[in-house]
Amino acid sequence: MRAEVQNNVDKVEKSLELLKQRLGWDTAQHRLEEFNARVEDPNLWDDPAAAQKLMRERQGLVDAMETYTSIKQELEDQVELIELGEMEEDAEVVADAEKALAALVEKAAKKELEALLNGETDGNDAFLEIKSGAGGTEACDWASMLARMYVRWAEKRGFEVDLQEETPGTEAGIKSVTYQIKGKNAYGWLKSESGTHRLVRISPFGKGTRETSFAAVGAYPVIDDNIEIEVNPADIRIDTYRSSGAGGQHVNTTDSAVRITHHPSGIVVTSSEKSQHQNRDIAMKALKSRLYQMELDKRNAEVNALHEAKGDAGWGAQIRSYVLQPYQMVKDLRTSHETADTQGVLDGDLDGFMEATLAMQVAGKSRADANAED
């Protein structure tokens with residue numbers, strides 16, 4: 001077997017090992033039997049919400065088991081065909097099997113990444129907030145560039161993007177913007193983007209000098225009815241006002257808005273939809289989303305400290321640098337993943353950065369670990 005072919009076999013086996021680990025293969029069949037027994041309970045649908053959650057969890061387990069089994073079987077089949085073709089000196093059989101094996105490498109890698117998105121809220125929709133940092137007009141323009149980048153990324157994935165709030169900059173760009181991104185695993189992908197993003201470029205507003213701008217990005221899961229977050233009505237203030245903002249070709253926007261202020265935490269959320277009732281509902285979901293994320297941060301504080309993740313993912317920590325002058329480079333400071341295709345990144349080609357961060361998180365590496373391997 002040629003070295004290139006053996007390398008592809010090794011890649012698929014590595015993906016299979018991760019899938020097996022994330023699935024908990026040794027206990028998967030037992031867990032499926034337990035699910036099946038609960039599904040047969042005649043009283044299951046007395047609580048529709050609990051029943052639906054159970055059915056989703058069961059189907060997720062079934063899908064994961066079938067994925068692992070099918071990739072493992074296909075790998076064995078293609079390796080057997082290659083060995084048989086080599087024995088019989090049938091170059092056509094060998095070539096076809098090698099081509100199928102190469103395709104299997106891509107399929108297994110994709111399933112491997114999907115397996116990393118198995119957190120409690122990874123499959124949920126997401127709220128995405130972008131705020132300009134210090135730097136006046138330069139920072140506001142940078143925030144608008146980031147907003148365009150994430151909208152483009154979402155569009156490429158077929159996600160729906162709803163504009164919740166937008167505050168324009170004084171001269172150009174935006175001071176802040178909030179989107180709701182709707183799609184499978186939206187939060188699972190976007191959670192790695194939380195942090196400070198740094199831009200270095202020649203200023204389009206000044207005397208042609210090189211300027212550095214900062215903007216903060218925050219991603220939060222949209223909380224569904226299966227996660228209970230209590231909000232005391234006495235702790236919030238609800239204001240109504242008329243919103244403004246350009247929106248965009250693929251961004252839904254309207255003329256009314258609701259603002260909810262949560263006094264104990266200082267969190268402020270807004271929503272712009274077509275009805276007052278819808279505004280309040282979405283804004284309340286956004287508030288619960290932020291409160292839930294705060295609770296997750298507290299819950300994970302100890303682990304975050306051990307792996308430096310608290311600093312990496314915090315709003316005040318720089319996670320990525322975008323350099324447009326004097327050279328072209330986008331580099332993630334957590335994973336050291338980088339590319340010279342700055343225009344591609346600003347047009348929404350972010351998957352490589354998100355995938356690298358997911359892989360680092362599952363390996364339990366810190367920023368220092370990643371940089372040491374660079």
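From a predicted model like this one, the values you see are computed outputs, not experimental measurements.

**Student:** Please clarify how the packing of aromatic side chains should be interpreted in this entry.
**Tutor:** Within a pair of aromatic rings, the relevant descriptors are the distance that separates the centres and the angle that separates the planes. Under the definition given, this model contains 3 aromatic pairs. Pairing Trp25 with Tyr68 gives two aromatic rings, centres 4.6 Å apart and planes at 45 degrees, and the pair type is tilted. Of this pair, Trp25 sits in helix α2 (residues 25-39) while Tyr68 sits in helix α3 (residues 48-87); the two residues are 43 residues apart in sequence, bridging distant segments of the chain. With 5.7 Å between their ring centres and 80 degrees between their planes, Trp153 and Phe159 make a pair best called edge-to-face.

**Student:** It is not clear to me how unusual backbone geometry should be interpreted in this structure. Could you clarify?
**Tutor:** A negative phi angle characterises most non-glycine residues, just as the trans form characterises most peptide bonds. With an omega of 5 degrees, the peptide bond running from Gln325 to Pro326 counts as cis. Relative to the elements of secondary structure, Pro326 occurs in the loop between β10 (318-323) and β11 (329-332). For Glu89, which is not glycine, the phi torsion reads 55 degrees and is therefore positive. Considering the arrangement of structural elements, one finds Glu89 in the loop between α3 and α4 (91-116). Assessed through its relative accessible area of 74%, Glu89 is described here as exposed. The phi torsion at Ser336 lies on the positive side, around 70 degrees, for a residue other than glycine. Tracing the backbone shows Ser336 in the loop between β11 and β12 (338-339).

**Student:** Even after reading the chapter, I still don't get the pattern of salt bridges, so can you show me in this structure?
**Tutor:** For side chains of opposite charge, pairing can occur when their charged atoms come near one another. Within the structure shown, the criterion is met by 20 salt bridges. A salt bridge links Lys191 to Asp122, with the shortest nitrogen-to-oxygen separation between them at 2.9 Å. Pair noted here: Lys191 is in the loop between α6 (186-190) and β4 (195-202) and Asp122 is in the loop between α4 and β1 (126-132), with a separation of 69 residues, a long-range link. Judged by its relative accessible area of 3%, Asp122 falls in the buried class. Here Lys182 ties to Glu160 by a salt bridge, and the two come within 4.0 Å at their closest N and O atoms. Here Glu160 lies in strand β2 (residues 160-168) and Lys182 lies in strand β3 (residues 174-182), a separation of 22 residues in the sequence. A network of salt bridges, in which partner residues are shared, links Glu193, Arg320, Asp332 and Arg334.

The rules behind the values
- Residues numbered from 1 in each chain as written.
- Predicted model: local features only at pLDDT ≥ 70, side-chain atom pairs only at ≥ 80, totals over all residues.
- Heavy atoms only, no water.
- Phe/Tyr/Trp six-rings, centres within 6.5 Å; stacked < 30°, edge-to-face > 60°.
- Helix = DSSP H or I, 4+ residues; strand = E, 2+ residues; numbered from the N terminus.
- Buried < 20%, exposed > 50% of the residue type's maximum accessible area, 1.4 Å probe, protein only.
- Salt bridge = Lys/Arg side-chain N within 4 Å of Asp/Glu carboxyl O.

Note that every value here comes from positions in space, so none of it alone points to a role or purpose.
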